[in-house]
Amino acid sequence: MYKMFSLASAGAVIALTITTTVFTNNQAEASAAQCGKASWYALHSRTASGEMMNPAKLTAAHKTLPFGTKLKVTNRNNGKSVIVRINDRGPFIKGRIVDLSKAAASQIGMIKSGHAPICFQRIS
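Residues numbered from 1 in each chain as written. Predicted model: local features only at pLDDT ≥ 70, side-chain atom pairs only at ≥ 80, totals over all residues. Heavy atoms only, no water.

What's the story with the state of the cysteines in this structure? I'm lost.
Two cysteines form a disulfide when their sulfur atoms are joined by a covalent bond. Under the defined criterion, the tally for this structure stands at one disulfide. Bridging cysteine 35 to cysteine 119, the disulfide has an S-S length of 1.9 Å. Taking the sign of the S-S torsion, about 100 degrees here, the bridge from cysteine 35 to cysteine 119 comes out right-handed. Pair noted here: cysteine 35 is in strand S3 (residues 34–41) and cysteine 119 is in strand S8 (residues 115–122), with a separation of 84 residues, a long-range link. (Disulfide = S-S within 2.5 Å. Helix = DSSP H or I, 4+ residues; strand = E, 2+ residues; numbered from the N terminus.)

Shown next as structure tokens:
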């Protein structure tokens, strides 16, 4: 949103443009990094999006983000990152904000522990 204001002072005209960014709740959520705990899963069942869960693909589950959303997920313990695509709903364990496929969890070094502190940022 742009607003144009003109100020006149001693014969000079000064134009001032103020830019205001208006976010909806979803846009603000999408642009900010979110941090919490992640876990991983490796099932061979149908996901909430209708596709088959493939533990070898870089996918993830989130409770509310639209299917197809891509996230950059970073393990806060070691700094390793992976880009995943949301294709399922979850996690349904209190305190966890995302479930990663086994392949994604492997890339950021959290297979052995089963869970890790992460931050994610929506990239598309």
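Text resumes after the structure shown.
For this particular structure, what's the right way to read the nonpolar core?
A general feature of soluble globular proteins is that nonpolar side chains tend to end up buried together. With 17 residues, the main nonpolar core has Leu71, Val73, Val84, Leu100, Ile108, Met110 and Ile118 as its most contacted residues. Counting only elements with at least two residues in this core, the list comes to strand S5 (70–75), strand S6 (81–88), strand S7 (96–101), helix H2 (102–107) and S8. Contact partners of valine 84, with chain neighbours within four places excluded, come to Leu58, Thr59, Ala60, Thr69, Lys70, Leu71, Val73, Leu100 and Ala104. (Core = buried A, V, L, I, M, F, W, Y, C linked by side-chain atoms within 4.5 Å. Buried < 20%, exposed > 50% of the residue type's maximum accessible area, 1.4 Å probe, protein only. Contact = heavy atoms within 4.5 Å.)

When you look at the pattern of salt bridges in this model, what are you seeing that I'm missing?
Close approach of charged atoms allows side chains with opposite charge to pair. Within the structure shown, the criterion is met by one salt bridge. Note that glutamate 51 and arginine 85 form a salt bridge whose closest N and O atoms lie 3.1 Å from each other. With a gap of 34 residues between them, glutamate 51 in the loop between S3 and strand S4 (59–61) and arginine 85 in strand S6 connect regions that are remote in the sequence. By relative accessible area, arginine 85 is classed as partly exposed at 26%. (Salt bridge = Lys/Arg side-chain N within 4 Å of Asp/Glu carboxyl O.)

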